[in-house]
Amino acid sequence: MIDRSGLADFLRRRRELLHPADVGLPDGVRRRTPGLRRDEVAQLAGMSADYYARLEQCRGANPSEPIVASLARALRCDLDERDHLFHLAGLAPPMRRAGRHIRPGLISLADRLTDVPVSICTDLHEVLWQNALAEIVLGRRDQQAGHGRIAWRWFTDPQARDRFLEEDRPRHSLALVNDLRATYSRRAGDDDVVELVHGLLKRSAEFRELWERHEVAVRRFDRKRFVHPEVGVLHLTCEVLFTPEADLKMLAFFPTEGTGTREKLDLLRVIGTQDFRTSL
């Protein structure tokens, strides 16, 4: 059962312990109270400020598991604090494998890479966190239709390929399948892995043909070309950093030298970020 007063108190106290710089936000104007504002936590967690305010006021609907997980990330909770937050919300905490929980240190590292797109995802290619520039280049996470995992959208929704040059798409398909094969082997029998693979085998002939090759390769480095409607083709070098558990990975997209992409990213940081923040 949800502990509304305990949940409200924990959220408020965690919020007051954080400084804007801790979560990659500017200090802005002088603050009358310590810590983050409610609207800032709501923005970081991907929810409305009104919904978050009701949680701190012991009101509103019971939060779901994704909502609580988002709040734990926004408030930089460690695993013990995350589990406590789930208990207060009347929910069973996730398994202690890295899973969907991003350690505060990893987000702090990602927050400092403001001049390149950065994304944090699970070993099944489900995006959990992106910085503002990644939202502009890769697409906003909350606007991505269908199943939340990149591999699922890639093989079931043709629009998921719009940001890639047509001649690059077969190579990207193969890389996704080979990387997923490695996860499938490492976590054989886990329900989430089996569900994703078997679902794709039923839905996509292309996935089925590539899967039957039985090729495996963990993707640690890649070169990608993204098509952006405002600045054209972006040539990016992707470096993949893994957590010790290998359940989470951080993807940092650096401009490939000699392609003019650095200047395009700088332009998007000015123009695109303004548009992105206006739409929140």
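Refer to the preceding data block for the structure.
To keep things clear, this report deals only with the structure shown in the data block.

### A few points about helix 4 (residues 65-74)
No. 1: Of all 10 residues in helix 4, seven are buried; the element is thus mostly enclosed.
No. 2: Residues of helix 4 that are buried: Val68, Ala69, Ser70, Leu71, Ala72, Arg73 and Ala74.
No. 3: Check the buried side of helix 4 and you find it contacts helix 1 (4-17), helix 2 (38-45), helix 3 (49-56), helix 5 (79-88), helix 6 (104-111) and strand 2 (127-130).
No. 4: Following helix 4 by one or two positions, Arg76 has its phi on the positive side, about 55°.

### Brief notes about the state of the cysteines
No. 1: Enumeration according to the criterion identifies zero disulfides in this entry.
No. 2: In this structure Cys121 is a free cysteine whose sulfur lies 8.8 Å from that of Cys238, the closest cysteine sulfur available.
No. 3: A residue is classified by how much of its surface remains accessible, and Cys121, at 3% relative accessible area, is buried.

### Things to note about the pairing of strand 5 (residues 248-255)
No. 1: Burial runs high along strand 5: seven of the eight residues are buried.
No. 2: Where strand 1 (residues 118-122) and strand 5 come together, five bridges link them in antiparallel fashion. Its bridge partner lying in strand 5, Cys121 is registered against Lys249.
No. 3: Pairing of strand 4 (residues 232-242) with strand 5 involves seven bridges; the strand directions are antiparallel. What sits directly across from Val240, in strand 5, is Leu251.

### Focus: the nonpolar core
No. 1: Val137, Phe155, Leu180, Leu200, Phe207 and Phe226 are the most contacted members of the largest nonpolar core, which has 32 residues in total.
No. 2: Looking at this core, the elements with two or more residues in it are helix 7 (132-138), helix 8 (150-156), helix 9 (169-186), helix 10 (191-203), helix 11 (205-211), strand 4, strand 5 and helix 12 (261-279).
No. 3: For this core, the element with the highest residue contribution is helix 7, accounting for five residues.
No. 4: If sequence neighbours within four positions are ignored, Phe226 has contacts with Val137, Leu138, Arg163, Phe164, Gly232, Val233, Leu234, Leu236 and Phe253.
No. 5: Listed in part, the 26 residues of the second largest apolar core include Phe10, Met47, Leu85 and Ala89.

### A closer look at the packing of helix 9 against helix 10
No. 1: Helix 10 packs onto helix 9 with a crossing angle of 140° between their chain directions and a minimal axis gap of 10 Å. Judged by the inter-axis angle, helix 9 sits oblique to helix 10. The crossing of helix 9 and helix 10 is left-handed. For the pair formed by helix 9 and helix 10, the contact residues are Leu180, Thr183 and Tyr184 on the first element and Val193, Leu196, Val197, His198 and Leu200 on the second.
No. 2: Residues of the contact of helix 9 with helix 10, tallied by class, amount to six nonpolar, two polar and no charged.

### Focus: the packing of aromatic side chains
No. 1: Enumeration over the complete set of coordinates arrives at six aromatic pairs.
No. 2: Between the aromatic rings of Phe155 and Phe207, the centroid separation amounts to 5.3 Å while the plane-to-plane angle is 75°, which identifies the pairing as edge-to-face. In this pair, Phe155 is assigned in helix 8 and Phe207 in helix 11, connecting sequence segments 52 residues apart.
No. 3: On the accessibility criterion, Phe207 (0% relative accessible area) is buried.
No. 4: Measuring from centroid to centroid gives 5.0 Å for Phe164 and Phe226, while their planes differ by 55°, and the two rings are tilted. Here Phe226 lies in strand 3 (residues 221-228) and Phe164 lies in the loop between helix 8 and helix 9, a separation of 62 residues in the sequence. Comparing Phe164 with Phe226 shows no difference in burial state: the two are buried.
No. 5: Aromatic ring contacts, followed pair by pair, group Trp154, Phe164, Phe226 and Phe253 into a single cluster.
No. 6: Lying across the ring of Trp211, Arg181 places its NZ or CZ 3.8 Å from the centre.

### Considering the sheet that holds strand 1
No. 1: Taken together, the five strands give an open sheet; going across it, the order is 2-1-5-4-3, and neighbouring strands pair in antiparallel fashion. Since the sheet does not close on itself, it has two edges, and those belong to strand 2 and strand 3, each with one partner. Looking at each pair of strands side by side, their axes are set apart by 30° on average, direction ignored.

### Some remarks on the environment of Tyr184
No. 1: Among the structural elements, Tyr184 can be located in helix 9.
No. 2: Tyr184 gets classed as partly exposed once you look at its relative accessible area, which sits at 24%.
No. 3: The spatial distance from the C-alpha of Tyr184 to the C-alpha of Val216 is 9.9 Å, given a sequence separation of 32 residues.

Criteria and thresholds
- Residues numbered from 1 in each chain as written.
- Predicted model: local features only at pLDDT ≥ 70, side-chain atom pairs only at ≥ 80, totals over all residues.
- Heavy atoms only, no water.
- Buried < 20%, exposed > 50% of the residue type's maximum accessible area, 1.4 Å probe, protein only.
- Helix = DSSP H or I, 4+ residues; strand = E, 2+ residues; numbered from the N terminus.
- Contact = heavy atoms within 4.5 Å.
- Disulfide = S-S within 2.5 Å.
- Pairing = 2+ DSSP bridges.
- Core = buried A, V, L, I, M, F, W, Y, C linked by side-chain atoms within 4.5 Å.
- Axes fitted to C-alpha atoms, helices over the stretch in contact; angles between N-to-C directions.
- Parallel < 35°, antiparallel > 145°, perpendicular 65-115°, else oblique.
- Left-handed = near helix turned anticlockwise from the far one by under 90°.
- Nonpolar A, V, L, I, M, F, W, Y, C, P; charged D, E, K, R; others polar.
- Phe/Tyr/Trp six-rings, centres within 6.5 Å; stacked < 30°, edge-to-face > 60°.
- Lys NZ or Arg CZ within 6 Å of the ring centre and 35° of its normal.

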